[in-house]
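Here is what each chain is made of, one letter per residue.
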Amino acid sequence: METSEYKEKVAFITGGARGFGKAFAEALATRGAKLVLADIDTATLEATAKEFRTQGYEVLPVTCDVSNQTQVEKSIAATVKTYGAIDILINNAGLHSDAYNKPMGELGMSKLKPLFDVNLMGVIACSLAAKDVMSGRDGVILNISSSAAYGCQTAYGVSKLAVRGLTVTLAHEFKHQGIRVNAIAPGLIFTDTIRAELPQSVVDTVKQQQILERDGEERDVVEAMLYLTSEKSRFITGETLRVSGGFTLQV
Ligand SMILES: NC(=O)c1ccc[n+]([C@@H]2O[C@H](COP(=O)([O-])OP(=O)(O)OC[C@H]3O[C@@H](n4cnc5c(N)ncnc54)[C@H](O)[C@@H]3O)[C@@H](O)[C@H]2O)c1
């Protein structure tokens, strides 16, 4: 029987309590990875960890706000204490509800600051804190950007464009540690949050701009995550892969 390349690998996933983070975690755990789920929502985090343990997965839940450097560093230290190192870091936590998908002027500084603190500074904080413990292990960092980064019509889009830029910067900076850094830019993907929060008018507009006019599913981003965290993508770094059904794709 083939041994999974994820066996004994340690995956640290931010925003791992639900949505993409939970789906990424499950896909990696079924392939043998040990999980660290870092999330600000302790109740959902504990429920997810309990669910995963009953499935026989190894999981360490850590309550962590990625925009808080002290909490991030403590979470990385707790991971090292429990598992020794980190092989895969998925910077997935992000503020993306409809409340943030607005022009800068409408949001104002009080909402813009947390948006950039989480979506951009959070990615920087986790990556810098994890760099040394990922060094020399063929480590992989995967950032979650968004197709909103390409049109950049909102503050959210700008935060996710910054994630694309950061992906290139960190790919350069972390090459001496043998760490590849890539990103996925998902289009509209139907997670529970999207189902509950996104107005139907927005859903309809986005789908009209896709080449493939079906709903994006969590499975679609999970497959891209598996590719970019695996050996199969070993010559790929600094890239952002769009997983959007061809949303607003132009030459
Ligand atoms: N769902 C989509 O259609 C879509 C499309 C493009 C990009 N994205 C991006 O994918 C990522 C995940 O999206 P999702 O749909 O799974 O979201 P979600 O809202 O379902 O889950 C996000 C998780 O992140 C956690 N979180 C929020 N702020 C945090 C913080 N400061 N520190 C730690 N954890 C925090 C939440 O508690 C939650 O568990 C986000 O970065 C989002 O911007 C989503």
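The structure we're discussing is the one just above.
Only a predicted model underlies this, so the values are computations on that prediction, with no experimental measurement involved. (Residues numbered from 1 in each chain as written. Predicted model: local features only at pLDDT ≥ 70, side-chain atom pairs only at ≥ 80, totals over all residues. Heavy atoms only, no water.)

A. Up close: the sheet that holds strand β4 (residues 88-91). An order of β3-β2-β1-β4-β5-β6-β7 is seen for the seven strands of this open sheet, with the pairing classed as parallel. The outermost strands of the open sheet, each flanked by one partner alone, are β3 (59-63) and β7 (240-243). Sheet twist, expressed as the average angle between the axes of neighbouring strands with direction ignored, equals 15 degrees. Relative to strand β6 (residues 180-186), strand β5 (residues 140-144) runs parallel, the two sharing five bridges. Directly across from Ile 141, in β6, lies its bridge partner Val 181. Strands in contact with helix α10 (residues 218-228) are β4, β5, β6 and β7; relative to β6, the strand with the most contacts, it is inclined by about 165 degrees. (Pairing = 2+ DSSP bridges. Helix = DSSP H or I, 4+ residues; strand = E, 2+ residues; numbered from the N terminus. Axes fitted to C-alpha atoms, helices over the stretch in contact; angles between N-to-C directions. Contact = heavy atoms within 4.5 Å.)

B. Representation of a nonpolar patch on the surface. A contiguous nonpolar patch, built from Ile 211, Leu 212 and Leu 249 and spanning about 320 Å² of accessible area, is present on the exposed surface. Mapped onto the elements, Leu 212 comes out in the loop between α9 (200-208) and α10. (Patch = residues over 30% accessible without salt bridge, like charges linked within 9 Å, V, L, I, M, F, W, Y side chains within 5 Å. Areas by Shrake-Rupley, 256 points an atom, 1.4 Å probe, with all protein chains shown as cover. Salt bridge = Lys/Arg side-chain N within 4 Å of Asp/Glu carboxyl O.)

C. Up close: the site of the ligand. Near the ligand you find 28 residues, and of these Phe 20, Asp 39, Asn 92, Tyr 156 and Thr 193 are the closest. Between Arg 18 and the ligand, the recorded distance is 3.0 Å, taken from a side-chain N or O atom to an oxygen atom. At a separation of 3.4 Å, a nitrogen atom of the ligand approaches a polar backbone atom of Ile 40. Contact with the protein chains hides 96% of the accessible area of the ligand, taken as 840 Å² for the molecule alone. For the shell around the ligand, the elements supplying multiple residues, two or more each, are α1 (19-30), α7 (155-173) and α8 (192-197). Considering only residue class, the shell around the ligand consists of 13 nonpolar, 10 polar and five charged. (Near = heavy atom within 4 Å. Polar contact = N/O pair within 3.5 Å; in protein donor to acceptor, adjacent residues only side chain to side chain. Nonpolar A, V, L, I, M, F, W, Y, C, P; charged D, E, K, R; others polar.)

D. Fine view of the packing of helix α5 (residues 109-134) against α7. At a minimum axis distance of 10 Å, the contact between α5 and α7 shows a crossing angle of 15 degrees. It follows that α5 is roughly parallel to α7 by the angle criterion. As for the relative orientation of α5 and α7, their crossing is right-handed in sense. For the pair α5 and α7, the contacting residues are Leu 112, Leu 115, Phe 116, Asn 119, Leu 120, Val 123, Ile 124 and Ser 127 in the first and Ala 155, Tyr 156, Val 158, Ser 159, Lys 160, Ala 162, Val 163, Leu 166 and Leu 170 in the second. Of the residues belonging to the contact of α5 with α7, the class tally is 13 nonpolar, three polar and one charged. (Parallel < 35°, antiparallel > 145°, perpendicular 65-115°, else oblique. Left-handed = near helix turned anticlockwise from the far one by under 90°.)

E. Region of interest: the packing of helix α3 (residues 69-83) against α5. Packing of α3 against α5 leaves a shortest axis separation of 9 Å and a crossing angle of 30 degrees. Classified by the angle between their axes, α3 and α5 sit roughly parallel to one another. Of the two possible hands of crossing, α3 and α5 adopt the one that is right-handed. Between α3, through Val 72, Glu 73, Ile 76 and Val 80, and α5, the contact on the second element is made entirely by Ala 125, Cys 126, Ala 129, Ala 130 and Val 133. Residues that form the contact of α3 with α5 fall into these classes: eight nonpolar, no polar and one charged.

F. Highlighting unusual backbone geometry. Look at Glu 8: it is not a glycine, yet its phi comes out positive at around 70 degrees. Secondary-structure assignment places Glu 8 in the segment before β1 (10-14). Phi is positive for Thr 248, close to 40 degrees, though the residue is something other than glycine. Note on placement: Thr 248 falls in the segment after β7.

G. Expanded view of the pattern of salt bridges. By the definition in use, this model includes nine salt bridges. Among the ionic pairs, Lys 34 bridges to Glu 8, the shortest N-O distance being 3.2 Å. Remark: Glu 8 occurs in the segment before β1 and Lys 34 occurs in strand β2 (residues 34-39); sequence separation between them is 26 residues. With a shortest N-O distance of 2.9 Å, Lys 113 and Asp 117 are connected by a salt bridge. On the criterion of helical spacing, the pair formed by Lys 113 and Asp 117 is a turn pair, its members being four residues apart in helix α5. Take Asp 117: its relative accessible area is 24%, and that puts it in the partly exposed class. (Buried < 20%, exposed > 50% of the residue type's maximum accessible area, 1.4 Å probe, protein only.)

H. How the structure looks around the state of the cysteines. Scanning all chains against the criterion turns up zero disulfides. Summary of cysteine pairing: Cys 126 is not part of a disulfide, and the nearest cysteine sulfur, belonging to Cys 64, is at 5.8 Å. (Disulfide = S-S within 2.5 Å.)

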